[in-house]
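# Observations on the three-dimensional arrangement
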Amino acid sequence: MAAIFQSFQRLVAGGFAAGAGLSMALIFLIVFLNALGRYTLGSSLAWGDQVPVFLGIYGVMFGMALAYLQDRHVRLGVIVDFLSIRRREALFLVVDLAVVVTGAVLAWSGYLFMSSRGGMRISGLNSTIRSLREATGLEVFNVFGTMAPYQFAIVLGGGMLAVAAALKFIERLGALRAMTDEVS
């Protein structure tokens, strides 16, 4: 069972890493093409300034979940370092549960925010979205001209954080049980 859990945890971590990496790669590509076009052709992409900002938010959300899952996030350990290993791990279990709740609340509040304000139009993307819609005949591109897909990053980030914390909780609980079994 532990091997299945570790495989699943690695798969989830790989997904978080892929999302963060893809976001950063797309940001680099868009900014590079925008700068190249500006200095060689005298014009840049109409959406080249706004989309990297939105992609950066997605990248941060994926990276945040990955950092929590790998236990590589920022932590103040001054007081925690004075605790025994068992007490420290027990405290981390409580923190993991609190982060599960925090991630769920973040996802829910992001959903409410997206539901109430997601229909707002993004002026810098209107012409690009209109061109895509006319070229393909697909009305689905209209949603990318609104704030909803970019505000969805909050929903996704909260959900991923809750999943990462739940997986970390299970991992720590198993380690704490193994530690207790060794003492017995």
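What counts, and at which threshold
Residues numbered from 1 in each chain as written. Predicted model: local features only at pLDDT ≥ 70, side-chain atom pairs only at ≥ 80, totals over all residues. Heavy atoms only, no water. UniProt positions renumbered as here; feature names shortened; annotations may be inferred. Core = buried A, V, L, I, M, F, W, Y, C linked by side-chain atoms within 4.5 Å. Buried < 20%, exposed > 50% of the residue type's maximum accessible area, 1.4 Å probe, protein only. Helix = DSSP H or I, 4+ residues; strand = E, 2+ residues; numbered from the N terminus. Contact = heavy atoms within 4.5 Å. Polar contact = N/O pair within 3.5 Å; in protein donor to acceptor, adjacent residues only side chain to side chain. Salt bridge = Lys/Arg side-chain N within 4 Å of Asp/Glu carboxyl O.

- Looking at an unreviewed UniProt entry, one finds the chain named TRAP transporter small permease protein, with Halomonas flagellata as its source organism.
- According to the UniProt record, the Subunit (unreviewed entry) comment for the chain is "The complex comprises the extracytoplasmic solute receptor protein and the two transmembrane proteins."
- Word for word, the UniProt comment on the chain under Subcellular location (unreviewed entry) is "Cell inner membrane".

## As for the nonpolar core
- Membership of the largest hydrophobic core comes to 19 residues, with the highest contact counts inside it found for Phe16, Phe62, Tyr68, Leu69, Met160 and Ala164.
- Within the residue set of this core, elements represented by two or more residues are α1 (2-40), α2 (51-69) and α5 (148-183).
- When residues in this core are grouped by element, the largest group, seven residues, is from α2.
- If near-sequence neighbours (up to four positions away) are discounted, Phe62 is found in contact with Gly15, Phe16, Gly19, Ala20, Ser23, Leu156 and Met160.
- Of all hydrophobic cores here, the second largest spans nine residues; its members include Ile27, Val51, Leu125 and Ile129.

## Regarding the side chain of Lys168
- Looking at where Lys168 falls in the secondary structure, it is placed in helix α5.
- Given the relative accessible area of 5%, Lys168 is considered buried.
- Reaching out from Lys168, the side chain makes a polar contact with the backbone oxygen of Leu69 at a distance of 3.5 Å.

## Describing the pattern of salt bridges
- Summed over the entire model, instances satisfying the criterion amount to three salt bridges.
- A salt bridge links Asp96 to Arg172; the nearest nitrogen and oxygen atoms lie 2.6 Å apart. With Asp96 in helix α3 (residues 85-117) and Arg172 in helix α5, this pair connects stretches of sequence that are 76 residues apart.
- We note a salt bridge from Lys168 to Glu171, for which the minimum N-O separation is 3.2 Å. Of the two residues, Lys168 and Glu171 are both situated in helix α5; the distance of three residues between them amounts to about one turn of the helix.
- Connected via shared salt-bridge partners are Asp71, Asp96 and Arg172.

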